[in-house]
Structure formats: C-alpha cells, structure tokens
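Fold and contact review
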Amino acid sequence: MIQRKQTVFLLLAAILGVLVIINYPVWPLFLLTLVAASLSVYTIFRYKQRPLQARLSLVAAVLFVLWYPAVVLVNKLMMSSGLQYDIVTVWGALPAVCVILCLMARKGIMDDERLVRAADRIR
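So, here's what we can say about the structure.

Procedures and definitions
Residues numbered from 1 in each chain as written. Predicted model: local features only at pLDDT ≥ 70, side-chain atom pairs only at ≥ 80, totals over all residues. Heavy atoms only, no water. Helix = DSSP H or I, 4+ residues; strand = E, 2+ residues; numbered from the N terminus. Expected span 1.5 Å × (residues − 1). Buried < 20%, exposed > 50% of the residue type's maximum accessible area, 1.4 Å probe, protein only. Contact = heavy atoms within 4.5 Å. Axes fitted to C-alpha atoms, helices over the stretch in contact; angles between N-to-C directions. Parallel < 35°, antiparallel > 145°, perpendicular 65-115°, else oblique. Left-handed = near helix turned anticlockwise from the far one by under 90°. Nonpolar A, V, L, I, M, F, W, Y, C, P; charged D, E, K, R; others polar.

1. Regarding helix H3 (residues 50–65)
Relative to the 22 Å expected for 16 residues at 1.5 Å per residue, H3 spans 23 Å between its end C-alpha atoms, a close match to the ideal helical length. Of the residues making up H3, those classed as buried are Arg50, Gln53, Ala54, Leu56, Ser57, Ala60, Ala61, Leu63 and Phe64. At its buried positions, H3 is contacted by helix H1 (5–23), helix H2 (27–44), helix H4 (67–78) and helix H5 (90–122).

Written out as structure tokens, the structure reads:
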C-alpha cells in the first residue's frame, strides 16, 4: 500500500540503510544494517497486520540504533591494524535518520490502528 505515509518512511529507511551498507562494508556493520534494512522492507508488506507491523518497525529502529555501538566496537578492534572508520560523516548520520524514519512509520501505523478500532466501535 504505497499510499500510506508509513510505507514511504519505511522505504526511505531501507534505501538509506543500503547507502550505509555501501559505505561501511565491514561484516558486523554490513550484517546489522542489512538485517535492519531488510526488516524495513518486510514490514511494508505486513500492512494487514498493523500490530505486527508496529513491532517490526520498532525492532528495525533498535537495530539501526545498535549500529553505533557496533561501529565503536569495530573501530576498537581495527585500531590495532591501523584502520579506522569515521562516524562523524554524512554516512555516519544516516542510521540516525533511519531510526527517525522507522519511529515516524510506527507512529503512522499506530494512528491507523486507532482509526480502525474507532471505526469498529461505531459499527
């Protein structure tokens, strides 16, 4: 259902997640971001199950939040080899934008659920 605003938010989060994957190709960061972006896309297709969709979007947001401690851990492990990833870039800010988009999608999903429940009470 592309006409719902939360679908657009989740799709943008998935696209930005793919951009993060391209710019941080280290395995732990790659897997974490891949799971979060894939979960965002999967959540789009669960539109008939709004409570599940709300939980999945929250899980995707948490996975994007976990990206930052993972970067710190990877940097700590890679310091011995002389390599280091810089978080303070545009690409490092994209997971935070994805978190915001997932939370905005969750709010839209919850609003839809409240609207459906109110319509059911009227019947």
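Once the structure has been displayed, the description carries forward.
2. Re the packing of H3 against H5
It is at 8 Å that the axes of H3 and H5 come closest, and there the two elements cross at 165°. The angle between H3 and H5 places the two elements in the roughly antiparallel class. You can see that H3 and H5 cross each other, and the crossing is left-handed. Where H3 abuts H5, its residues Arg50, Pro51, Gln53, Ala54, Ser57, Leu58, Ala60, Ala61, Phe64 and Val65 lie against Pro95, Cys98, Val99, Cys102, Leu103, Arg106, Ile109, Met110, Asp112, Glu113 and Val116. Residues belonging to the contact of H3 with H5 are distributed by class as follows: 15 nonpolar, two polar and four charged.

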